[in-house]
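Listed here are the chains, written in short residue letters.
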Amino acid sequence: MSAVAASAATARSGCAQGPVLTVDLPAVAANTRLFTSRTRAGVMAVVKADGFGHGAVEVARTALANGATWLGVTSIAEGLALRSAGLRAPVLSWLNPVGADFSSALAAGIDLAVPGVAHLEAVVRAAAVSGGPRGRLHLHLDVGMARDGAEPAEWPWLCRAARDAEQRGILQVAGVMGHLSCADNPADPCNEAGRARFAWGLETARAAGLHPAVWHLAATAAALTDPRTHHTLCRIGAGLAGIDPSQTVRLRPALTLTAPIVAVRHVRAGTPVGYGHTWTAQADTNLGLLPAGYADGLPRAASGQAEVLAGGHRCQVAGLISMDQTVIDLGDQQVRPGEIATVFGPGTAGEPTVADWAAWAGTIEHEIVTGIGVRVHRQVTSASAGSAR
Ligand SMILES: *Cc1c(COP(=O)(O)O)cnc(C)c1O
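Residues numbered from 1 in each chain as written. Predicted model: local features only at pLDDT ≥ 70, side-chain atom pairs only at ≥ 80, totals over all residues. Heavy atoms only, no water.

Tell me what's going on with the overall build of the protein, and back it up with residues and numbers.
For the protein, the count of helices and strands is twelve helices and 19 strands. Across its three principal directions, the C-alpha atoms of the protein cover 80 × 45 × 40 Å. A burial count over the protein gives 52% of its 389 residues as buried. Taking the intrachain contacts of the protein between residues at least 6 apart in sequence as the baseline, contacts between residues at least 24 apart amount to 67%. A total of about 16700 Å² of accessible surface is found on the protein, and carbon and sulfur atoms cover 52% of it. Placing the 30 positive and 30 negative side-chain charges of the protein at their respective mean positions leaves the two points 7 Å apart. (Helix = DSSP H or I, 4+ residues; strand = E, 2+ residues; numbered from the N terminus. Buried < 20%, exposed > 50% of the residue type's maximum accessible area, 1.4 Å probe, protein only. Contact = heavy atoms within 4.5 Å. Areas by Shrake-Rupley, 256 points an atom, 1.4 Å probe, with all protein chains shown as cover. Lys, Arg positive; Asp, Glu negative; His and termini not counted. Charge placed at Lys NZ, Arg CZ, Asp CG, Glu CD.)

Quick one: what's the story with helix H5 (residues 76-84), residue by residue and with numbers?
Those residues of H5 not exposed but buried are Ile76, Gly79, Leu82 and Arg83. The buried residues of H5 occupy an angular sector of 115° when the element is viewed end-on, so they sit on one face. Facing away from the buried surface of H5 by more than 90 degrees, the exposed residues are Ala77 and Ser84. In this fold, the buried residues of H5 make contact with helix H4 (56-65), strand E3 (70-73), strand E4 (91-93), helix H6 (102-107) and strand E5 (110-114). Gly86 sits one or two positions beyond H5 and adopts a positive phi of about 95°. (Arc of directions from axis to C-beta.)

Describe the site of the ligand, and please don't skip the residues or the numbers.
Inspection of the region around the ligand gives Val46, Lys48, Phe52, Trp94, His179, Ala219, Thr220, Arg235, Ile236, Gly237 and Ala238 as its neighbouring residues. Residue Arg235 places a side-chain N or O atom 2.9 Å away from a nitrogen atom belonging to the ligand. Between the ligand and Ala238 there is a distance of 2.8 Å, counted from an oxygen atom to a backbone nitrogen or oxygen. With the chains in place, 89% of the 380 Å² that the ligand exposes on its own is no longer accessible. Given that more than half its atoms are within 2 Å of the pocket grid, the ligand belongs to the largest pocket. (Near = heavy atom within 4 Å. Polar contact = N/O pair within 3.5 Å; in protein donor to acceptor, adjacent residues only side chain to side chain. 1 Å grid on protein atoms, 1.4 Å probe; cavity = no way out; pocket = protein on both sides within 12 Å on 5 of 7 lines; lining within 4 Å. Sits in = over half its atoms within 2 Å of the grid points.)

The values are spatial; any link to function lies outside them.
Next up, the structure:
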């Protein structure tokens, strides 16, 4: 029985034990193909934060089977988990403290981004004792967000130090990277400044005698809106999860969150609901109780606006979302305990979307998809995801 069939059977028999997150891998596959079809550059599937909450290994396998050629993560631990799962594609890890376990990363053939000379020196020390194949570095330039990446003042120095390590046969500079701060708004002038600084950084690296095989600047938004940022590789995270920060392309959302209704009660007009009595029934109504709350990823800040799909209709969340529980207003509907409510999904059956929840909570879709709690049961729809690499 496929995962979808299993889920449908569970829904029918009403025996779901709690909230269930279903990951639609064919949607991830379709999103991947959209990116590969829109660029001549390579596609790096960014699977940090457990693949944006979709499952890092599953998303990685699906993306690689659909044209992605690289994997990207923040921490070394995330990269090692991909290797442990048997994935052999190039992996880049770009955010590690100076004291990180660079030896393990080098031994596992994980490329390392370095944002400055201190990091470079730490990787050189790890490489000198590793004795393995030559470690591969990506020099990371801050192109204008004062976050990760080397400051321009340090960049020429970093390039020379990296060239020196190359000449000593210790490491190889495989790439140069930058990350744009305002790509979700293509009209923002800081994009041009970021592109220009990246071009300068690449020139400076080459002038220092480096020959990076890849240089990469674009993430999802820039990949969709500005081909001048594509260079040799686009790093795509949100887009694989169906999120387009530039709101220019229709991607396929890949997550559905459901929860069984554990109890239904009829209440009189005037009945206050939940902590602080922030909501009061305006008329006689039926209330349903969901065993899912903010610990499971339903943002408390969405209380007051949020809705779910139950009994075929949109139902308001009644009162404050609590840690483990959410009350919904079923109105006149005769919904039986055990029926399944849909918190969010692709929106094709009338259910709210991740984008709706993000708007209700005053946040972005990224925070909703990466915020699903650990006790939510996860399942995947059986995908034609191909075999592992
Ligand atoms: C998260 C991240 C990405 C992916 O960005 P999306 O907008 O989610 O595609 C790319 N590069 C870096 C450095 C990141 O941190």
